[in-house]
Structure formats: C-alpha cells, structure tokens
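Architecture at a glance
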Amino acid sequence: MATPSTSSSRLFLGTSGWAYPTWKPGFYPPGTAAKSFLAYYATRLSSVEVNYTFRTLPSPKQLEGWLTAVPSPFRFTFKAPQRITHFNRLRDCKPLLEEFLAALAPVREAKQLGLILFQLPPNFAATGEHAERLAAFLEHSSLITHRIAFEFRHASWFTEATYSLLRSRNAALCIAESDDLATPEVHTADTYTCFRLRHSGGYSHAELEELSRKLTALARDREVYAYLKHEDDPTGALDAAELLRLAGAGSA
C-alpha cells in the first residue's frame, strides 16, 4: 500500500475484523498463515474495528501481538463490551468502563487507539429514561480523553436533542448505513468522524468513487474512521482497500 498523503493521512479505513481464512485468495494471498493475517491486512488497510472486545477483554499479550504486527500509523478501534451497551444498557457502568479502558492502555500508550465505539441495541429507543442514561453515561470523566462514537440502531435517536448532547461531550454520532437503517450524516465531534458502511453485497465502483470523494474531503480538517462490513467473503476488505487507493490517488 502506498503511503497516503495530505488529507488521506487522516483517513483510517478498514473492516470490522481480519481473522477470516475465507478471504483467501481474494484478499489474503494463498498460503498466508492465520497468524500473519493482521500483518498482511495492515499493508493494505489503515485501521480495523475490533469486535472481539464486545464479548471479551483482550489480554496484554494479545494486544502486544497486534501492535507488533502493524506499522505505527495504523489505528485500532474497539467496540465497547456488551456488558455496558446491552446488559447494563448504559446504567451503572463506571466500573465496567474503567476496566475496559484499563485493558486498552497498551494501545493508547502506543498512540494507536482510534475510536471506542458504543453500539446500542436496536430495542434501545430514545425514551426519557434512556436519554437520561446516555447523558449520565457521558458524564464519566474517564471518557473525555478518548475519541468515542455512538451507534444508535433505533431511529428515535436521530434528533437535534441527541446531536446536541453528543456535541456537548465532543462525542461522534456514528454515521452507519445498512440495508435496514441509515443514520443521518451529522458530525457532532469537532475533530473526528465515524462511519460504518454495511450494505450487503458491497459497493459499486461508482459508489466507491463517490464515497472516496466524501471521505477525503472530510479528512482535510478531521480524522475520519470508516469501517466496511465483514463477511465470510472478502468483499468488504477489497472495497476498503479500493477506497483507500482512490483516496491516495485523489490527494497525490
């Protein structure tokens, strides 16, 4: 992968995972060992969203291995544990949050921590109680030093009240698009933006060109993190690599 220049150096593109043997030979070359997947992935993409942390906290040894496998500009984004977002549903989460953030310390110290993504369940609607929970959750001072993004999967959250609350804590609205729901493109954080691009079957070349223009323009004055859907086939990884190539070509 050619080193991106200007705005594309603030564009962090990848997929939501990398450990897929079925990506051979479309993305990973034939014969690539599983232990070498991440190192190869990082030659073609600049970031990854780690879904592993949704269920299990990583060990220091795991993180050391991941950090060793990638170059220093590479960024890891981590999905917050389901104990926070789905079981406790943002209520009384400070100890869980502190445990999670402590586990990520090696990545933060290496300056390779991208975002922390809080993906809320589809049945978590913006009722008065839930809105109050979100506001209380954002009050935890330990969050403020990290780039954080919230993915809402119930359309009731797409209101100015939500956007204003996120802006007050410089938290990003995750701009997610899927076959079922599309988040309005509202940028609530000052210096970064998060996209999750989840259309089934991937994107056409024309769509990738349009996406590349949009993401590159945004990256002129902010960091942009964008993650495509991970499937058993390598479509998402190949689309992400093409997006990064187009962004690099456009900024040369």
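Residues numbered from 1 in each chain as written. Predicted model: local features only at pLDDT ≥ 70, side-chain atom pairs only at ≥ 80, totals over all residues. Heavy atoms only, no water.

1. A short note on the overall build of the protein chain
Applied cut-off: Strands here are runs of E lasting at least two residues and helices are runs of H or I lasting at least four, both read from the DSSP assignment and numbered beginning at the N terminus. Only C-alpha atoms enter the radius of gyration, while the globule expectation follows 2.2 Å times N to the 0.38, with N the number of residues. Residue burial is assigned from relative accessible area. The probe radius is 1.4 Å, only protein chains are included, and a residue is buried under 20% of its type maximum, exposed over 50%, and partly exposed in between. It only takes one pair of heavy atoms within 4.5 Å for two residues to be counted as in contact. Residue burial considers only the protein chains on display, and all accessible areas are found by Shrake-Rupley using a 1.4 Å probe. Charged residues are defined narrowly, with Lys and Arg counted positive, Asp and Glu counted negative, and His plus the chain ends left uncounted. To locate a charge, the coordinates of NZ of Lys, CZ of Arg, CG of Asp or CD of Glu are taken.
In terms of regular secondary structure, the protein chain is built from nine helices and nine strands. The C-alpha radius of gyration of the protein chain comes to 18 Å, within 12% of the 18 Å expected for a compact globule of 252 residues. Its C-alpha atoms give the protein chain principal-axis dimensions of roughly 50 × 40 × 30 Å. For the protein chain, the residues scored as buried account for 52% of the 252 residues in total. Long-range contacts, defined as pairs at least 24 residues apart, comprise 71% of the intrachain contacts of the protein chain with a sequence gap of at least 6. Carbon together with sulfur atoms contributes 53% to the accessible area of the protein chain, which is approximately 11200 Å² in total. Charged side chains in the protein chain number 27 positive and 26 negative. The centres of these two groups are separated by 5 Å.

2. Concerning the sheet that holds strand 2 (residues 47-50)
The following threshold applies: Two strands are said to pair when DSSP picks up at least two bridges between them.
Strand order in the open sheet formed by five strands is 2-3-4-5-6, and the pairing between neighbours is parallel. Two strands bound the open sheet, and with one partner strand each, they are strand 2 and strand 6 (172-173). Both strand 4 (residues 113-119) and strand 5 (residues 148-151) contribute to a ladder of four bridges, which runs parallel. Each residue of the ladder has a partner; that of F118, found in strand 5, is F150.

3. Quick look at the confidence of the model for the protein chain
So the rule is basically this: The predictor attaches a confidence to each residue, called pLDDT, with possible values from 0 through 100.
Averaged over the protein chain, the pLDDT score is 92; the fraction of residues at 70 or greater is 94%. Every residue in residues 1-6 scores below 50 in pLDDT, and together they form nine contacts with partners more than four places removed in sequence or on other chains.

4. Observations concerning the pairing of strand 3 (residues 75-79)
For clarity, the cut-off: Handedness of a crossover is defined as follows: with both strands directed away from the viewer, a clockwise route from the first strand across the helix to the second makes it right-handed.
Within strand 3, five of the five residues are buried, leaving the element largely enclosed by the surrounding structure. The side-chain alternation of strand 3 yields two buried faces, one formed by R75, T77 and K79 and the other by F76 and F78. Read from strand 2 through helix 2 (residues 60-69) to strand 3, the crossover connection turns out right-handed. As paired elements, strand 3 and strand 4 share three bridges and run parallel to each other. Paired with F78 across the bridge in strand 4 is I116.

5. Brief notes about the sheet that holds strand 1 (residues 11-15)
Selection rule: To get an axis, fit a line to the C-alpha atoms, keeping to the stretch in contact for a helix; angles then go from 0 to 180 degrees between the N-to-C directions.
An order of 1-9-8-7 is seen for the four strands of this open sheet, with the pairing classed as parallel. Where the open sheet ends on each side, the last strands, each with one partner, are strand 1 and strand 7 (175-177). Between one strand and the next, the sheet's axes are offset by a mean angle of 10°, whatever the strand orientation. With respect to the sheet, helix 8 (residues 205-218) is in contact with strand 1, strand 8 (192-197) and strand 9 (223-228), its orientation differing from that of strand 8 by roughly 160°.

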